[in-house]
Amino acid sequence: MHFPSLPEPRKDIAPAFHDLNSARSWLATQPKAQAPHMLVALCAQIEAIDATPQLPLSAIEQLNLMRTAAIPALETLESRFNRKPLPMQEEDQRSFELVQRLWTQLGIAYLRRVADLPSSGQSLALNRAASAFQMAEYAHFQASRECPALLDQLLFEILAQASQSKLLQHPLADPDFPHLGEASIAGHLSWAFLLRVIAPYHLSASQLAVANRAISRWRELCEFQLEPESGPKSQAVDLGRLQDSPLPANLPRWLSVRALVRKSRRRIEAIQGGESPEALKLGRELSPTACIRLLKEINRSLRAKQEKPSTETGEIELSFGCEDAYAVFREELLNPFTSQGTQSASLSHQRIAMFGFDRLSQMPTAVKTLNIPGELWHLIDGRAIRPLEPPGSRHISPSLIASRQHGKPRLGVMLGLQSTREGVLSATLQWLEGRVETGWIKQRDTKIPAFLLRDNGNLSLILPANVRPNLDIPYPLEGASIKRVVPAEVLERGMDFVLYDCRLESN
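All figures in this text were calculated on a predicted structure; none of them were measured in a lab.

## Observations concerning the overall build of the protein chain
And step 1. Across its full length, the protein chain carries 13 helices and 17 strands.
And step 2. Projected onto its principal axes, the C-alpha positions of the protein chain cover 85 × 55 × 45 Å.
And step 3. Roughly 25,000 Å² of accessible area belongs to the protein chain as shown, and the carbon and sulfur atoms make up 51% of that amount.
And step 4. Between the centroid of the 57 positive side chains of the protein chain and the centroid of its 55 negative side chains there is a distance of 4 Å.

See the structure below:
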């Protein structure tokens, strides 16, 4: 089968070896302890293998060897770009580019050999190509970088070829990832497509890790179908929503997720019954409550139909973090001295000695101004867009935001922040419903901002992420109508805030 979307192989890289034995000799001379240099060398030779005419089985053997050698370096670099603030620093950006380039080029090199193999001999190359493209997309999710359309196209081409060759369900062991057990091409494709469908950019780093782990374990429960099953219990995802152009009519574009959702519901019931997420092999990144919320959100995203994009346009000024959000609502700084920068004690004493006060703004004739840090973002089709510059303004989502619209303050959360192919930052703004009331908590000489949310009789509390109240114990507030609340459980954990479900203190 011809793959028209495969990029042309590079012809300007000299192969360092010609067979498996010479490849092993070459690997023995490479800087294994220097992950970036190791990946550069491996990626160059993967591209050289891709461009060199040779028997397909010989090329696949060499690619397998390069893949095994790359795994330790890939794992070393992953933490350097995993949900780092955007725009990323140059070194973090370089690490991401190395990882995604190696996985992408490796998948292309495997896939190019499929056309030279008989249908019965295509399983390994298609399996490894699907795995590589899945890993390349996951690197984009970790780095909050928009996935290139090419990766989805290549995954669909693997689906088409494996379906045509009747190899979708053929299981293979993977010595580089033994924890996966035997994995089929369908399993790798399901894993990749499901992560795309659940809006991975809206997840925090911890949520993404747990979602990826769960889907990787349940990937083989899904089934590709030409048409969705009928019946009240059927549940299938239309993969056409991942492509702008129509998919071929003979492609199994429907992914049945009924068994996966059933497995997820059983995990929710087990956690509610007292089992820990770690005991259920979901990891220890999330609390039981947060894990339940994530699994329910995944199930909802698999049921949801593709939403029409918002048409909201215009400009909006956003302030970030709890303290600046407090200032937006109260039109005053919570900690004016520290908010405007720490001043030296000697300068403070000099002002008091000369004028009888410390700040010039305390003079009777001074014009008081409130300078709240803010950024101008543009709303285009309902998404907030901002250029990558200035470089000093970096963000990570989910993060707390505030803005004044039509003279009224609003509190919200920035979700799905990502760097796009057009070279801008793009995010979704989710405004919190209900009444927002501001207050603070005294900690030594500092006031900590707090936000009470009332919505349809429900009470919740937002605190900065570095404040950790004891649950089920009354917590004092100042400056608010409620003087003491009882945080009951964590509802959402953002990068700079935590949302707690609360109740009033019983008398």
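## Some details on the sheet that holds strand S4 (residues 236-238)
And step 1. Reading across the sheet, the three strands line up as S3-S5-S4 and stay open at both edges, with antiparallel pairing between neighbours. One side of each edge strand has no neighbouring strand; the edge strands of this open sheet are strand S3 (223-225) and S4. Each strand of the sheet is rotated relative to its neighbour by a mean of 30°, with strand direction disregarded.
And step 2. Summarising the sheet, S4 and strand S5 (residues 254-256) pair through three bridges and their orientation is antiparallel. Looking at S5, one finds that Asp238 is bridged to Trp254.

## Describing helix H5 (residues 123-143)
And step 1. Here H5 contains 21 residues, and its C-alpha end-to-end distance of 30 Å stays within 8% of the 30 Å for a straight helix at 1.5 Å per residue.
And step 2. Judged by how many residues are buried, H5 sits mostly within the fold: 20 of 21 residues are covered.
And step 3. The first or second residue beyond H5 is Ser144, which carries a positive phi of 55°.

## Quick look at the sheet that holds strand S12 (residues 435-443)
And step 1. Spatial strand order, S12-S13-S14-S17-S16-S15: six strands in an open sheet with antiparallel pairing. With one partner strand each, in any of the chains shown, S12 and strand S15 (475-476) form the two edges of the open sheet.
And step 2. Two elements, strand S14 (residues 458-464) and strand S17 (residues 497-504), share six bridges in a ladder whose sense is antiparallel. Each bridged residue has a counterpart across the sheet, and for Ser460 the counterpart in S17 is Asp501.
And step 3. Seen against the sheet, helix H11 (residues 322-330) touches S12, strand S13 (446-455), S14 and S17 and runs at an angle of roughly 125° to S12.

## A few points about the pairing of strand S11 (residues 424-431)
And step 1. Across four bridges, the pairing between strand S8 (residues 383-387) and S11 is antiparallel. Directly across from Arg386, in S11, lies its bridge partner Leu425.
And step 2. One ladder, built from six bridges, connects strand S10 (residues 408-419) with S11; its direction is antiparallel. Following the sheet pairing, Leu415 is matched in S11 by Thr428.
And step 3. Hairpin remark: S10 followed by S11, antiparallel, with four residues in the connecting loop; positive phi at Gly423, about 80°.

## A few points about helix H2 (residues 35-51)
And step 1. When the terminal C-alpha atoms of H2 are compared, their 24 Å separation across 17 residues agrees well with the 24 Å that a helix rising 1.5 Å per residue should span.
And step 2. Counting buried positions along H2 gives 13 out of 17 residues, so the element sits mostly inside the fold.

## What about the nonpolar core?
And step 1. Residues Leu39, Leu42, Met66, Trp103, Leu189 and Leu302 are the most contacted members of the largest nonpolar core, which totals 117 residues.
And step 2. Ignoring sequence-local partners within four residues, the contact set of Leu39 consists of Ala70, Ala73, Leu74, Leu77, Leu98, Val99 and Leu102.

## Re the pairing of S8
And step 1. Here three bridges tie strand S7 (residues 375-380) to S8, and the two strands are oriented antiparallel to one another. The residue of S8 that forms the bridge with His378 is Ile385.
And step 2. Following S7, the chain reverses through two residues before pairing antiparallel with S8; Asp381 in that reversal takes a positive phi of roughly 55°.

## Brief notes about the environment of Leu124
And step 1. Its place among the elements puts Leu124 in helix H5.
And step 2. Look at Leu124 and you get partly exposed, because its relative accessible area is 30%.
And step 3. Counting along the chain gives 47 residues from Leu124 to Pro171, while the straight-line C-alpha distance between them is 9.5 Å.
And step 4. Once you skip the residues sitting within four places of it in the chain, Leu124 turns out to touch Ile60, Asn64 and Leu172.

## Topic: the confidence of the model for the protein chain
Fine structural detail should not be taken from predicted coordinates in areas where pLDDT scores are low.
And step 1. On average, residues of the protein chain carry a pLDDT of 89, and 91% of them reach 70 or more.
And step 2. Confidence drops under a pLDDT of 50 for residues 340-368, and excluding neighbours within four residues, the segment shows 20 contacts in the predicted structure.

## A short note on a positive patch on the surface
And step 1. Side chains of Lys233, Arg258, Arg262 and Arg266 sit close together on the surface and give a patch of like positive charge.
And step 2. Its location among the elements puts Arg266 in helix H9 (residues 258-272).

## Let's talk about unusual backbone geometry
And step 1. Leu86 connects to Pro87 through a cis peptide bond whose omega is -5°.
And step 2. For Pro87, the location among the structural elements is in the loop between helix H3 (56-81) and helix H4 (90-114).
And step 3. The linkage connecting Ser397 with the following residue, Pro398, adopts the cis geometry, with an omega of 0°.
And step 4. For Pro398, the location among the structural elements is in the loop between S8 and strand S9 (399-405).
And step 5. Non-glycine residue Lys281 carries a positive phi angle of around 65°.
And step 6. Residue position: Lys281 is located in the loop between H9 and helix H10 (288-303).

## Description of the pattern of salt bridges
And step 1. Following the criterion strictly, the structure yields 21 salt bridges and no others.
And step 2. Arg196 is the salt-bridge partner of Asp152, the closest N and O atoms lying 2.5 Å from each other. Placement of the pair is Asp152 in helix H6 (residues 149-164) and Arg196 in helix H7 (residues 185-197), with a sequence separation of 44 residues.

## Looking at the side chain of Ser131
And step 1. Looking at the element boundaries, Ser131 is found in helix H5.
And step 2. You can call Ser131 buried: its relative accessible area is 3%.
And step 3. When residues no more than four places from it in sequence are discounted, the contact partners of Ser131 are Arg67 and His188.

## Quick word on the packing of aromatic side chains
And step 1. Applying the stated rule across the entire model yields eight aromatic pairs.
And step 2. Judged by centre distance (6.3 Å) and plane angle (65°), the rings of Phe329 and Phe451 are edge-to-face. You can see Phe329 sitting in helix H11 and its partner Phe451 sitting in strand S13, a full 122 residues away along the chain.
And step 3. Given a relative accessible area of 0%, Phe451 falls into the buried group.
And step 4. For the cation-ring pair, Lys447 lies above Trp440, with the distance from its terminal atom to the ring centre recorded as 4.5 Å.

Conventions and cut-offs
- The residue count restarts for each chain, going from 1 along the sequence in the order it is written.
- Since the coordinates come from a predicted model, pLDDT governs what is reported: local features require at least 70, and pairs of side-chain atoms require 80 or more to be given and counted, while whole-chain, interface and lining totals use all residues.
- Excluding hydrogens and water, the side-chain values take into account all heavy atoms of the structure.
- Secondary structure follows DSSP: runs of H or I at least 4 residues long count as helices, runs of E at least 2 residues long count as strands, and numbering of each begins at the N terminus.
- Accessible areas in this description were obtained via Shrake-Rupley with a 1.4 Å probe; residue shielding takes into account the shown protein chains only.
- The charged-residue count follows a simple rule in which Lys and Arg add positive charge and Asp and Glu add negative charge, with His and chain termini not counted at all.
- Each charge is placed at NZ for Lys, CZ for Arg, CG for Asp and CD for Glu.
- A pair of strands is labelled paired if DSSP reports no fewer than 2 bridges between them.
- Axis lines are fitted to C-alpha atoms, over the contacting stretch for helices. Their N-to-C directions set the angle, which ranges from 0 to 180 degrees.
- To estimate the expected span of a helix, count its residues, drop one, and scale the result by 1.5 Å.
- The classification of residues rests on relative accessible area computed with a 1.4 Å probe and restricted to protein chains. Under 20% of the type maximum is buried, over 50% is exposed, and intermediate values are partly exposed.
- Residue contacts follow a heavy-atom distance rule, with two residues in contact if any of their heavy atoms lie within 4.5 Å.
- We define a nonpolar core as any set of buried Ala, Val, Leu, Ile, Met, Phe, Trp, Tyr and Cys residues linked to one another through side-chain atoms lying within 4.5 Å.
- Each residue carries a pLDDT value, the predictor's own confidence for that position, ranging from 0 to 100.
- Think of a patch as exposed residues, more than 30% relative accessible area, with no salt bridge, where like charges cluster within 9 Å and nonpolar side chains (Val, Leu, Ile, Met, Phe, Trp, Tyr) cluster within 5 Å.
- By convention in these notes, a salt bridge is any Lys or Arg side-chain nitrogen within 4 Å of a carboxyl oxygen on Asp or Glu.
- Note on aromatic pairs: the rings of Phe, Tyr and Trp (six-membered ring only in Trp) are paired at centre separations within 6.5 Å, and the planes decide the class, stacked below 30 degrees, edge-to-face beyond 60, tilted for the rest.
- We call a charge positioned above a ring when the Lys NZ or Arg CZ atom is no farther than 6 Å from the ring centre and deviates by at most 35 degrees from the ring normal.

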